[in-house]
Amino acid sequence: MIGLVKQGHGWCGLVLATLLLTAFTACSSGPDSPEEQVRALIEQATDAAERKAVDELQPLIADDYEDAQGHDKKFIKRLLLAYLMRNQSIHLFTRVKSIAMNGPDRAEAEVVVAMTGQPVEDAATFDWLRGDLYHFVLDFIHRGGGDWEVIQAKWRRANVGEFL
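Residues numbered from 1 in each chain as written. Predicted model: local features only at pLDDT ≥ 70, side-chain atom pairs only at ≥ 80, totals over all residues. Heavy atoms only, no water.

Draft legend 1. Just the overall build of the protein chain, in detail. The helix and strand inventory of the protein chain stands at 6 helices and 4 strands. Helices and strands appear in the protein chain in the N-to-C order α-α-α-α-β-β-α-β-β-α. Counting over 164 residues, the protein chain shows a buried share of 50%. In the protein chain, 62% of the contacts between residues at least 6 apart in sequence involve partners at least 24 apart. Summing over all exposed atoms, the protein chain offers an accessible surface of approximately 7900 Å²; the carbon and sulfur share of this is 48%. (Helix = DSSP H or I, 4+ residues; strand = E, 2+ residues; numbered from the N terminus. Buried < 20%, exposed > 50% of the residue type's maximum accessible area, 1.4 Å probe, protein only. Contact = heavy atoms within 4.5 Å. Areas by Shrake-Rupley, 256 points an atom, 1.4 Å probe, with all protein chains shown as cover.)

Here it is as structure tokens:
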């Protein structure tokens, strides 16, 4: 399983899984708008990943998940497990660039994430820490019963300018 984590893939898997938590906990149909639910849940997902709460992260991927790299739900779950086992300390700092609704049951979130082994207190701090930056575009689907799931994700390395 550890062999799955290649340069860049480990961080991507963690961040993807972290952001997937957003979909899982968005099942609340309270007074918050879907956009507000997604924004709040990105924060909750970050916390779960930093705590290495695998049981909270794994069920967030849609069964029919598939990304442009050909990864499916099974691959992403293995990638997440390998990353969490490999890294002793995980710290994420997220910046939500946008959340757009694409109909009543679809949402797209654009997020830039700083990933380090040390706490990131603000965007300026990241510059001197050793870590990675990634830009994610996550497609969510709202299924019956109120659950949001990530059905597709795109990611690439980002630069500090995108994060600021």
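Moving on from the model shown.
Draft legend 2. Structural context of the side chain of K73. Considering the arrangement of structural elements, one finds K73 in helix 4 (residues 73–86). Assessed through its relative accessible area of 17%, K73 is described here as buried. Residue contacts for K73: discarding those within four places in its chain leaves Q58, I61, A62, D63 and Y65.

Draft legend 3. Summary view of the packing of aromatic side chains. Within this structure, the stated rule accounts for 2 aromatic pairs. Measuring from ring centre to ring centre gives 6.3 Å for Y134 and F136, while their planes differ by 50°; the resulting arrangement is tilted. Each member of the pair Y134 and F136 is classed as buried. Pairing F136 with W155 gives two aromatic rings, centres 6.2 Å apart and planes at 40°, and the pair type is tilted. Of this pair, F136 sits in strand 3 (residues 131–142) while W155 sits in strand 4 (residues 148–157), and the two are 19 residues apart along the sequence. (Phe/Tyr/Trp six-rings, centres within 6.5 Å; stacked < 30°, edge-to-face > 60°.)

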